[in-house]
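Report on the structure
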Amino acid sequence: MSDHYLKCQSVINEFLLKKFQNEDEIWDFFIRNSSSLLGSIVATYFEADDKKRTVSVKSSIGPVGEDIKGVSFGYEGIVGWCADNKQSIIVNDVEKDIRFSKKMDYGSGFKTKSILAVPCIVDNELLGIMEFINSLNGGFGETDLALAVILSSIVSQRVYIARLKGTINKLNFKGESTINNLSGGFIGVDLDNKVIFFNPKAKEIFEVGDEYLNRNVMDLMGLCPKVVNVIGDVLKQDKIVRRQEFKYSINGKDKLIGYSSMNIKGVEGENMGAGMIFQDITNL
């Protein structure tokens, strides 16, 4: 087993185990390590906007790496060809390739000799292009290309998952914020019978704190059996009620509660639990 193979394996293992704070850290780690493995002087990740057909330098290392960050241009040159065709490419003598554009060299003062470019694609979505410039070995080979494709695939999957998690967190935050700001009380339970929502208004109406969150719905029996029955009917029988009432006594006060029950649906409409929205209508 060669030293180079062991080094590749070590980098991949470190990448898979490493915790990154954001997407920029992922790309920075990737281009630095992949550049070393492929023996390139320059490595750049271009973020792609396939609808606008533009690419922008997201992260870059090399003599002019910091100078070209943020530079954007249309689908042109070797990188543009790679983005347009969604294909990897090796050009070991750019002067003889009509697809090569000298604009970046003119703007940066750097001299490009050889290029290896690989599209970063996940689920048919183009995230960007990885470009390696000027091989220390005199040119890039098929082995370099195969390694670049593997590395780009791994990092693309990691970035894609990070984006999905970010989107889910935003949706969860938005949903939680909406629920917390409801004028009525809301109690929600997931399919495992765990209380996942107990908003501020619910605490106010039932005069309790946060102690019911993440507990089994049956723990609410001591607080209000009616809540357990209503939510249980939704979970077990898919029985939904609208605008019903029940009387409730707490701390020596009699209250009249108006309520409705509902299914809790996911982003794609899947059933994720049951909920009950209610108000204190004693004085109405």
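Just so you know, these numbers come straight off a predicted model, no measurement behind them.

Further remarks concern the pattern of salt bridges. Scanning all chains against the criterion turns up 14 salt bridges. The salt bridge involving aspartate 50 is made with lysine 86; its shortest N-O contact spans 3.1 Å. With aspartate 50 in the loop between strand 1 (40-49) and strand 2 (54-61) and lysine 86 in the loop between helix 4 (77-85) and strand 4 (89-91), this residue pair connects regions lying 36 residues apart in the sequence. With a relative accessible area of 31%, lysine 86 lands in the partly exposed category. We note a salt bridge from glutamate 207 to lysine 253, for which the minimum N-O separation is 2.5 Å. Placement of the pair is glutamate 207 in the loop between helix 7 (200-206) and helix 8 (225-237) and lysine 253 in strand 10 (residues 253-265), with a sequence separation of 46 residues. Looking at glutamate 207, the relative accessible area reads 32%, which means it is partly exposed. Look at lysine 253 and you get partly exposed, because its relative accessible area is 39%. Because the salt bridges share partners, they merge into one network encompassing Glu95, Lys102 and Lys111.

Bringing the packing of aromatic side chains into the picture now. Taken as a whole and assessed by the stated rule, the structure comprises nine aromatic pairs. Taken together, a centroid distance of 5.7 Å and an interplanar angle of 70 degrees make the contact between phenylalanine 20 and phenylalanine 29 edge-to-face. Assigned by exposure class, phenylalanine 20 and phenylalanine 29 land together as buried. One Lys or Arg, arginine 99, reaches over the ring of tryptophan 81 and ends 4.8 Å from the middle of that ring.

Per the stated rule, a full pass over the model turns up one cavity of 30 Å³ or more. By volume, the largest cavity is sized at about 90 Å³. Around the largest cavity, the lining residues are Val11, Ile12, Phe15, Phe29, Phe30, Asn33, Ser34, Leu37, Leu151 and Ile154. Of all elements in the fold, only helix 1 (3-17), helix 2 (23-38) and helix 6 (142-180) reach the threshold of two or more residues within the lining of the largest cavity. Top element by residues in the lining of the largest cavity is helix 2. It accounts for five residues.

What counts and what doesn't
Residue indices begin from 1 for each chain and proceed along its sequence in written order. Reporting of local features is limited, given that this is a predicted model, to residues whose pLDDT is at least 70; pairs of side-chain atoms are given and counted only at 80 or more, and all residues count toward the totals for whole chains, interfaces and linings. Excluding hydrogens and water, the side-chain values take into account all heavy atoms of the structure. What counts as a salt bridge is simple: a side-chain nitrogen of Lys or Arg found within 4 Å of a carboxyl oxygen of Asp or Glu. Note on conventions: DSSP H or I runs of at least 4 residues are helices, E runs of at least 2 residues are strands, and numbering of each starts at the N terminus. Classification of residues uses two cut-offs on accessible area relative to the type maximum, computed with a 1.4 Å probe and protein chains only: under 20% is buried, over 50% is exposed, and between them is partly exposed. Stacked, edge-to-face and tilted are the three classes for Phe, Tyr and Trp ring pairs, Trp counted by its six-membered ring, which pair at centre distances within 6.5 Å; planes under 30 degrees apart are stacked, over 60 edge-to-face, the rest tilted. By the criterion adopted, a ring carries a charge over it if an Arg CZ or a Lys NZ lies within 6 Å of its centre and within 35 degrees of its normal. With a 1 Å grid laid over protein atoms only, a set of points is called a cavity when a 1.4 Å probe fits there but cannot get out and a pocket when it is open yet has protein on both sides within 12 Å along at least five of seven lines; lining residues have an atom within 4 Å of a point. Grid points are joined across faces, edges and corners, and a volume is the space filled by probe spheres set on the points.

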